[in-house]
Amino acid sequence: MYQLLIRGARVDGDLVDVAVADGRIAEIGPGIAGAAEREVQAGGRLLSPPFVEPHIHLDSTLTAGDPRPNRSGTLFEGIEIWSERKRRLTREDVISRAEELLRWQAAQGVLHVRTHVDVTDPELLALEALLELKESVGDWMDLQIVAFPQEGVSSYPGGAELLEEALRLGADVVGGIPHYEHTREMGVASVEECFRIAEKYDRPVDLHCDETDDPGSRFLEVMASEALRRDWGPRVTASHTTAFGSYDDAYAAKLMGLLTRSRIHFVANPLINITLQGRFDSYPKRRGITRVKELWQNGLNVALGSDNVMDPWYPLGTGNMLQPAHMAVHACHMTSREEVEACFSMVTRGAADALGLQDYGIVEGGSADFVLVDAPDEWEAIRRLATTTLVVKSGRVIAETSPARTSLFGESIEPAPGGAGSGG
Ligand code: 17E
Ligand code: FE2
């Protein structure tokens, strides 16, 4: 007796059944015989490994408008507003908002989340709250916590000590923000300090890096060089790197050579990058997004994150990973079939790789973590911003959603005349 049997799902283009026993995938293949405690007719829907959120700020989520909206729409005003809101944080406030967002994400098929948490706070209150939350949601959500010094490592009084204390308390990843430090030299020093702490506590590094339109912001080269020197590429992530979209092509070509040798990971946050950047431009207005397409074409791993949901930096969002994927298709010119499929991978497999996840994917013997999406393939999932109808964690169905069904003049109508993915 299987725990769960999914019938007629699309896996890597094949129509198969997937049988689950003891929380693991027991068998994948056509027409599996046998009974199960629960059988689900997938109707040809895409069965994907779970969505992975590689970059979000759970300490600030669901505070939009409090104490005031971000009128300029810039990163800097967002940091000022957050700095005010931060003084009023309580353990209950952080836990309830962060948990609410994790529940939204789990309901939409996200089972792994890497959150940044601001540690430029002498009390480390949000960090302690999220460490507690990480334990209490562990049954259904795999949470990684990045110690993120929002107001600087070198520039904030005691910033380096607070960052190190966060690692001592149990943060999983070392964060940083070199472009926000007072001077170029302090930025370089902060990157070196982040790597020193990461080495000492044997933790990965994930820095907010060059999140600006200033083409003079060149800390990515410092990160890549530090990673290369230690042969640490796979445990280093450069988040945002929006200035890379403003570098001239001669410098970009040199940098790309260093990046491919370093093998570090990238996280772009297209919803937020396209909203926060370009705010100091008149026209033409820059897109303010890193070179997602070129990084991907050069074989580097790129993941896409939400970054923010309803906070001082971004007033919208639901935590649905198809939204940043959809935005990347547009803002990064990823419109061919292969490119759209790559954008889907950037919120699943690519994000899992950036987070260093083991035991991820639809394989016999692997953990039974997967989702059913109301579309026949990845292209259609993004095109339709399709509903995730079923979320399975360790063989247990934890969320179910009925997709919207529409009739026009009394007859049912689908957003996909012609069926599976006619585009590309
Ligand atoms: N803080 C920061 O420095 N950059 C961001 N994109 C967010 C917070 C959301
Ligand atoms: Fe961020």
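If you're wondering where the values come from, they're calculated on a predicted model, not measured in any experiment.

So, how was this worked out
- Residues numbered from 1 in each chain as written.
- Chains lettered and ligands numbered in written order.
- Predicted model: local features only at pLDDT ≥ 70, side-chain atom pairs only at ≥ 80, totals over all residues.
- Heavy atoms only, no water.
- Helix = DSSP H or I, 4+ residues; strand = E, 2+ residues; numbered from the N terminus.
- Rg over C-alpha atoms; globule rule 2.2 N^0.38 Å.
- Buried < 20%, exposed > 50% of the residue type's maximum accessible area, 1.4 Å probe, protein only.
- Areas by Shrake-Rupley, 256 points an atom, 1.4 Å probe, with all protein chains shown as cover.
- Lys, Arg positive; Asp, Glu negative; His and termini not counted.
- Charge placed at Lys NZ, Arg CZ, Asp CG, Glu CD.
- Contact = heavy atoms within 4.5 Å.
- Salt bridge = Lys/Arg side-chain N within 4 Å of Asp/Glu carboxyl O.
- Donors = N, O, S within 2.8 Å, 3.2 Å for Na, K, Ca; no water.
- Tetrahedral: all angles 85-135°; square planar, octahedral: opposite > 155°, others 65-115°.
- Pairing = 2+ DSSP bridges.
- Axes fitted to C-alpha atoms, helices over the stretch in contact; angles between N-to-C directions.
- Parallel < 35°, antiparallel > 145°, perpendicular 65-115°, else oblique.
- Left-handed = near helix turned anticlockwise from the far one by under 90°.
- Nonpolar A, V, L, I, M, F, W, Y, C, P; charged D, E, K, R; others polar.
- Near = heavy atom within 4 Å.
- Polar contact = N/O pair within 3.5 Å; in protein donor to acceptor, adjacent residues only side chain to side chain.
- Patch = residues over 30% accessible without salt bridge, like charges linked within 9 Å, V, L, I, M, F, W, Y side chains within 5 Å.

Within the chain, the secondary structure is distributed over 13 helices and 18 strands. What you see for the chain is a C-alpha radius of gyration of 22 Å, in line with the 22 Å of a compact globule of 424 residues. Counting over 424 residues, the chain shows a buried share of 60%. Only carbon and sulfur atoms are counted for the fraction: they give 49% of the accessible area of the chain, which is about 17,000 Å². With 41 positive and 64 negative side-chain charges, the chain shows a separation of 2 Å between the mean positions of the two kinds.

Following the sequence through the fold, Q277 ends up in the loop between α8 (270-276) and α9 (292-297). In this view, Q277 contacts E211, T212, D213, T242, I272 and G288; residues no more than four positions away in its chain are not counted.

Next up on the list: the pattern of salt bridges. Following the criterion strictly, the structure yields 38 salt bridges and no others. Here D206 makes a salt bridge to R114, at a shortest N to O gap of 2.8 Å. Remark: R114 occurs in strand β7 (residues 110-118) and D206 occurs in strand β10 (residues 205-209); sequence separation between them is 92 residues. Of the two residues, D206 and R114, both sit in the buried class.

Taken together, the protein ligands of the iron ion (ligand 2) are H55 (NE2), H57 (NE2), H208 (NE2) and D307 (OD), with distances of 2.2 to 2.3 Å. Around the iron ion (ligand 2), the 4 donor atoms are arranged such that angles at the metal cover 85 to 175 degrees; this shape is classified as irregular. Overall, the relative accessible area of 0% leaves H55 in the buried class.

Moving on, we come to the environment of D66. With respect to the helices and strands, the residue D66 is situated in the loop between β6 (51-57) and α1 (75-86). With relative accessibility at 27%, the residue D66 sits in the partly exposed group. D66 sits 139 residues away from V205 along the chain, and the two C-alpha atoms are 31 Å apart. The contacts of D66, once residues within four sequence positions are left out, are I81, R85 and R88.

Once that is clear, we can look at the side chain of S60. Locating S60 in the fold gives a position in the loop between β6 and α1. Accessibility expressed as a relative area gives 0% for S60, which makes it buried. Other than its neighbours up to four places away in sequence, S60 contacts W82, R97, M310, D311, P312 and W313.

Moving on to the pairing of β6. When you tally the buried positions in β6, you get 7 out of 7 residues, the bulk of the element. Alignment of β6 against β7, held across 5 bridges, turns out to be parallel. Looking across to β7, one finds that H57 is bridged to H116.

Packed helices, taken two at a time, are described by the angle their axes make and the gap between the axes. Interhelical geometry of helix α5 (residues 184-201) versus helix α6 (residues 220-230) gives an angle of 30 degrees and a closest axis separation of 10 Å. Compared by their axis directions, α5 and α6 come out roughly parallel. The handedness of the crossing between α5 and α6 is right-handed. For the pair α5 and α6, contact is made by R184, V188, V191, E192, F195, R196 and E199 and by E221, V222, M223, E226, A227 and R230, respectively. A breakdown of the residues in the contact of α5 with α6 according to their chemical character gives 6 nonpolar, no polar and 7 charged.

The environment of ligand 1 is formed by H57, L75, F148, Q150, I177, H208, E211, H240, D307, N308 and W313. A distance of 2.6 Å is found between a nitrogen atom of ligand 1 and a side-chain nitrogen or oxygen belonging to Q150. One nitrogen or oxygen atom from the side chain of H240 is found 3.4 Å from a nitrogen atom belonging to ligand 1. Residue composition of the shell around ligand 1, by class: 4 nonpolar, 5 polar and 2 charged.

There is a patch of nonpolar side chains on the surface, built from L408, F409 and I413 and spanning about 360 Å² of accessible area. When you line up the elements, F409 lands in the loop between β17 (406-408) and β18 (411-413).

What follows is about α6. By the criterion of burial, α6 is predominantly enclosed, with 8 of the 11 residues buried. Within α6, the full set of buried residues consists of L220, E221, V222, M223, A224, E226, A227 and R230. Structurally, α6 contributes buried residues whose contacts are with α5, β10, β11 (236-240), α7 (249-262) and β12 (265-268). Of the residues one or two after α6, D231 is the one with positive phi, at around 55 degrees.

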